[in-house]
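Examination of the molecular architecture
One-letter residues, chain by chain:
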2 protein chains.
Amino acid sequence: MHYGYFNGTIAPTDQLAVGITDLSLLRGYGLFDYFLTYNGRPFQWDWYWERFQNSASRMHLPLPLGKDETYSILLNLIERSGGVDVAFRFVMTGGYSADSISIERPNLLILTESIHPVPPIQYEQGIKVILDEYVREMAEVKSTDYKRVILMAQAIKSAGASDLLYQKGGEISELSRSNFFLVKGDRLITPNRNILHGITRRTIIQLAQSDFQVDERPVLLSELYDAEEAFTTSSTKKVLPIVQIGELTIGDGNPGPKSKFLLERFDDLVKAW
Amino acid sequence: MHYGYFNGTIAPTDQLAVGITDLSLLRGYGLFDYFLTYNGRPFQWDWYWERFQNSASRMHLPLPLGKDETYSILLNLIERSGGVDVAFRFVMTGGYSADSISIERPNLLILTESIHPVPPIQYEQGIKVILDEYVREMAEVKSTDYKRVILMAQAIKSAGASDLLYQKGGEISELSRSNFFLVKGDRLITPNRNILHGITRRTIIQLAQSDFQVDERPVLLSELYDAEEAFTTSSTKKVLPIVQIGELTIGDGNPGPKSKFLLERFDDLVKAW
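Definitions and limits used
- Residues numbered from 1 in each chain as written.
- Chains lettered and ligands numbered in written order.
- Predicted model: local features only at pLDDT ≥ 70, side-chain atom pairs only at ≥ 80, totals over all residues.
- Heavy atoms only, no water.
- UniProt positions renumbered as here; feature names shortened; annotations may be inferred.
- Least-squares fit on C-alpha atoms with pLDDT ≥ 70 in both.
- Contact = heavy atoms within 4.5 Å.
- Axes fitted to C-alpha atoms, helices over the stretch in contact; angles between N-to-C directions.
- Helix = DSSP H or I, 4+ residues; strand = E, 2+ residues; numbered from the N terminus.
- Parallel < 35°, antiparallel > 145°, perpendicular 65-115°, else oblique.
- Left-handed = near helix turned anticlockwise from the far one by under 90°.
- Nonpolar A, V, L, I, M, F, W, Y, C, P; charged D, E, K, R; others polar.
- Phe/Tyr/Trp six-rings, centres within 6.5 Å; stacked < 30°, edge-to-face > 60°.
- Buried < 20%, exposed > 50% of the residue type's maximum accessible area, 1.4 Å probe, protein only.
- Domains from an automatic or database assignment.
- Buried area = accessible area lost by both parts, 1.4 Å probe.

You'll find chain A entered in an unreviewed UniProt entry as branched-chain-amino-acid transaminase, with Spirosoma arboris given as the organism. Note on chain A: under the UniProt heading Cofactor (unreviewed entry), the record states "pyridoxal 5'-phosphate". Quoted straight from UniProt, the Sequence similarities (unreviewed entry) entry for chain A says "Belongs to the class-IV pyridoxal-phosphate-dependent aminotransferase family."

In structure tokens:
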């Protein structure tokens, strides 16, 4: 059984419910974050908290809890999880609104969930993504706005793909819920605008420093053609090779050695977390 | 006390709650509609239902109820409202999702609310709006995505304004929750793209046919300068004069006779509804 925190109360998550005047439900006004524990400890907590705080501020939502208080809640929830690692999902909404439009006091949910690792075969074979002409509104804020990928679910499935790669006017930004990297020789190239600044992205950039030159800059679709490898990063995907983008095969169509190397570095880091 | 319908159950609205795996809460995936009753009858029900059905289809959400069944629920809720006219709010979400991303079965809420008419002084004096460079994603679908206007609430207030007028690249679309019209001589001019096709807009276009030439077409910011009158339409605003847009005064800064004429026609229609 999983437990969650909602506005001061801790309860089994299936007993948690949100009243129908919540601004996330009525107006799509909500923030979100998501991270895992390793060895019972929240991974990169300082960075996640910093980002959540920043998203809240950008959306004019006052945080009802401080960092230490929130961390105590995480520890409480971890203790109730029976010794297994969990995923934490933060959802902070505009709160209950008497007039259906004005923010009064945010609602804060902190949920524990089971971790759903990517199937090993996806690391062995790599994934296919399809291009989608789209850029997320306020991309740098982790809002709850994921309408696009839900809307495109059928198109993704029909193409035998796993996800979307967003581009606009020929410039690549990100996948629907993860960041994007290209490998060319000893260069790692990753978009730096119209993206959510992922914590796994940040971790990989840090881990790669000694072996790669990392270029954070606008990335064009045309650069896909001579890329040796491509991969995507997120808390659950870690470093997941992308071997096909639309009709284009990346490299020889198999996961490459540099993606594997970075995945190993990441796995080493979390093992010792 | 107000009553609402949620997935087959009718209960007082303050007893209704939505579980925390709902895709509107977690992912902003929801639809919305809103209309009033006059003389105890849902105003323009056929048109609202048509739009709701269309929005649902565009968002790949199967409607759990047919039109007649839904109308029976409206009559049931009206009967419980104690003989006063009410507002109906429809919210249909992506439903509860085990993996936080896939649609399974939509959740449908039908809520009754008190009507909050616009204060008479706003009709007497007209309102001020400020320009905002923005266009709603999937503007023609009445999704729950109203992040922008909530985000801009402070800017609206600071400017002493009532709302935003969206424009992009010099082309006007709509206000945050209502449509936009200009009056020049016997012409009514209203944007026809990047807008929600409002039912009050449609009603006004119909009512205006015998006295105006109605132009539905792209409208440029530059056309504001020689407009005689401007107004906005929505179910609660009806025909509400706009007398200032940013720093620009429309006409002589007072509500004009043609806006008043159309408001009277609208009031005549609803009186006899």
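Next comes the rest of the account.
**Remarks on the relation of the copies chain A and chain B**
Relative to chain B, chain A is turned by 180° and slid 0.0 Å along the rotation axis, the superposed coordinates differing by an RMSD of 0.0 Å. In short, the pair behaves as if placed about a two-fold rotation axis. Mapped onto chain B, 100% of the interface residues of chain A are again interface residues, and the two copies thus contact each other with one and the same surface.

**Here we look at the packing of helix α2 (residues 45–58) of chain A against helix α7 (residues 199–208) of chain A**
Helix packing for two helices is described by the angle between their axes and how far apart those axes are. All names here are of chain A. Here α2 crosses α7 at 135°, and the two axes come no closer than 10 Å. Viewed along their axes, α2 and α7 adopt a mutual orientation that is oblique. Relative to α7, the crossing made by α2 is right-handed. Residue-level contacts link W47, Y48, E50 and R51 of α2 to I199, T200, R202, T203 and Q206 of α7. Considering only residue class, the contact of α2 with α7 consists of three nonpolar, three polar and three charged.

**Digging into unusual backbone geometry**
Residues and elements named next belong to chain B. Of note, N39 is a non-glycine position whose phi angle comes to about 50°, a positive value. At H60, a position not held by glycine, the phi torsion is positive, near 60°. Relative to the helices and strands, H60 is located in the loop between α2 (45–58) and α3 (67–79).

**Some details on the environment of G126 of chain B**
All names here are of chain B. Tracing the chain through its elements places G126 in the loop between α4 (120–125) and β8 (127–133). For the pair G126 and N254, spaced 128 residues apart in sequence, the C-alpha to C-alpha distance is 6.6 Å. In this structure, G126 is in contact with I121, P241, V243 and P255, ignoring residues within four places of it in sequence.

**Looking at the packing of aromatic side chains**
Residues and elements named next belong to chain A. Considering all chains together, one arrives at 32 aromatic pairs over all chains under this definition. Between the aromatic rings of F43 and W273, the centroid separation amounts to 4.7 Å while the plane-to-plane angle is 70°, which identifies the pairing as edge-to-face. Placement of the pair is F43 in the loop between β5 (41–42) and α2 and W273 in the segment after α8 (257–271), with a sequence separation of 230 residues. Judged by its relative accessible area of 23%, W273 is partly exposed.

**Overview of the domain arrangement of chain A**
All names here are of chain A. Domain boundaries in chain A define domain 1 (3–113) and domain 2 (120–271). Taking the mean C-alpha position of each, domain 1 and domain 2 sit 27 Å from one another. Taken together, the contact pairs 19 residues of domain 1 with 22 residues of domain 2. Taking both partners together, domain 1 and domain 2 bury about 1800 Å²; carbon and sulfur atoms supply 59% of that area. Contact with domain 2 buries surface across domain 1, with F32, W47 and R51 losing the most and accounting together for 34% of the total. Broken down by secondary-structure element, the contributors of at least two residues to the side of domain 1 that touches domain 2 are β4 (30–38) and α2. With seven residues, β4 is the largest single contributor of residues to the side of domain 1 that touches domain 2. Looking at side-chain class alone, the side of domain 1 that touches domain 2 contains nine nonpolar, six polar and four charged residues.

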